[in-house]
Amino acid sequence: MQTNRHLIALDLDGTLLTDKKEISPKTKQVVLKAMAEGHIVVIATGRPHRASIGYYENLGLTTPMVNFNGALIHHPRDKKWDALHSPMPIRTAHKIIGACYDLNVRNILAEVMDEVYLDQYDQAIIDIFHMTANDPPFTIGSLRNKLTEDPTSILIHPDDEHISTLRQHLDDFHADLIEHRKWGAPWNIIEIVRKGMNKAVGLQKIAHYFHIPQERIIAFGDEDNDLEMIDYAGVGVAMDNAIDELKAVSKYVTDSNEADGIANFLQTYLKLDEIAH
């Protein structure tokens, strides 16, 4: 066992989770072993709190969590912890929504913390975002009228042929106020958060809180919303199923999310005692 404790940051989709959106028994076992040996495990995801708290509880975490790609950094078990919520200004949001209407995008979804606003009824999108039985009901209707608070994030579902036009518009008119990302297949969704928000911002705040230096931060990811975090971490690890751009900035590449990549890397890197399967 290494004497110095590490901060281990886990992305969810395509990284900690299998393609069935589960934590495999081996990965859970190894993560729990790392925690038992004093290492600190946190979740860093683009998902909102309500869509990640189940995995947090499954691992028995008692640490802060990074949601919305850094636009929300909070502690689910400690309300006194200095949470940071950084939504985008409502005026910016409404300008982007107007541009989406001009482009005739398929749909727009806005999230204000755990409240969800959907521009047009779409059962497929509702099924993706409705994660638990306790979710608040969606507010459905024109976001131009319904969205009255600064949103934590906006998700746009354009037609495939409009993706580059839309992203170019966001760069040309809103680059100083927002960050935008594209989801991986099968959903070509553009996700927008306030400028300067990314998972590395959350990781930095949490590492500072636990007094862990950058070289002892291990971060795992697979998509473009993990780029800053993987680049920032002293030990940035891309999954085998990660996009090429992420592999290019990572220090290591591990096995895929379907092949216990996190478990295999942590066992070797942290010299965790061999765990019986």
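Fair warning: this is a prediction, and the values are worked out from it, not measured in the lab.

Draft legend 1. The arrangement of the sheet that holds strand β1 (residues 7-10) in detail. Spatially, β2-β1-β12-β13-β14 is the arrangement adopted by the five strands of the open sheet, whose pairing is parallel. Of all the strands in the sheet, the pair left with one neighbour each is β2 (40-43) and β14 (252-253). Pairing of strand β12 (residues 217-221) with strand β13 (residues 235-238) involves four bridges; the strand directions are parallel. Paired with A219 across the bridge in β13 is G236. Set on the sheet, helix α8 (residues 199-209) makes contact with β1, β2 and β12; between it and β1 the angle comes to about 155°. Strands in contact with helix α11 (residues 261-269) are β1, β12, β13 and β14; relative to β12, the strand with the most contacts, it is inclined by about 160°.

Draft legend 2. Expanded view of the packing of aromatic side chains. The final tally for this structure, using the stated rule, is six aromatic pairs. For the ring pair Y252 and Y269, a centre distance of 6.0 Å and an interplane angle of 70° mean the geometry is edge-to-face. Remark: Y269 occurs in helix α11 and Y252 occurs in strand β14; sequence separation between them is 17 residues. Classification of Y252 by relative accessible area gives partly exposed; the value is 36%. Ring centres of F265 and Y269 lie 5.3 Å apart, and the angle between their planes is 15°; on these two criteria the pair is classed as stacked. Of this pair, F265 and Y269 both sit in helix α11, four residues apart, which is roughly one turn of that helix. Taking the relative accessible area as the measure of exposure, F265 reaches 10% and is therefore buried. Looking at Y269, the relative accessible area reads 23%, which means it is partly exposed. Every member of this aromatic cluster is reached through a ring pair, and the members are F220, Y252, F265 and Y269.

Definitions and limits used
- One numbering rule holds for all chains: residues counted from 1, following each sequence as written.
- Local features in this predicted model are restricted to residues whose pLDDT is 70 or higher, and side-chain atom pairs enter the listing and the counts only when it is 80 or higher, whereas totals over whole chains, interfaces and linings include all residues.
- To get the side-chain values, take all heavy atoms of the structure and skip hydrogens and water.
- Two strands pair if DSSP finds at least two bridges between them.
- Runs of H or I in DSSP of at least four residues are treated as helices and runs of E of at least two as strands, each being numbered from the N terminus.
- Two residues qualify as a contact provided that any one of their heavy atoms is within 4.5 Å of a heavy atom in the partner residue.
- Only C-alpha atoms enter the line fits that serve as axes; for helices the fit covers just the stretch in contact. Angles between N-to-C directions range over 0 to 180 degrees.
- Side-chain rings of Phe, Tyr and Trp, where Trp is taken by its six-membered ring, are said to pair if the distance between their centres is within 6.5 Å; with planes under 30 degrees apart they count as stacked, over 60 as edge-to-face, and otherwise as tilted.
- Working definition: with a 1.4 Å probe on protein chains only, accessible area under 20% of the residue-type maximum means buried, over 50% means exposed, and in between means partly exposed.

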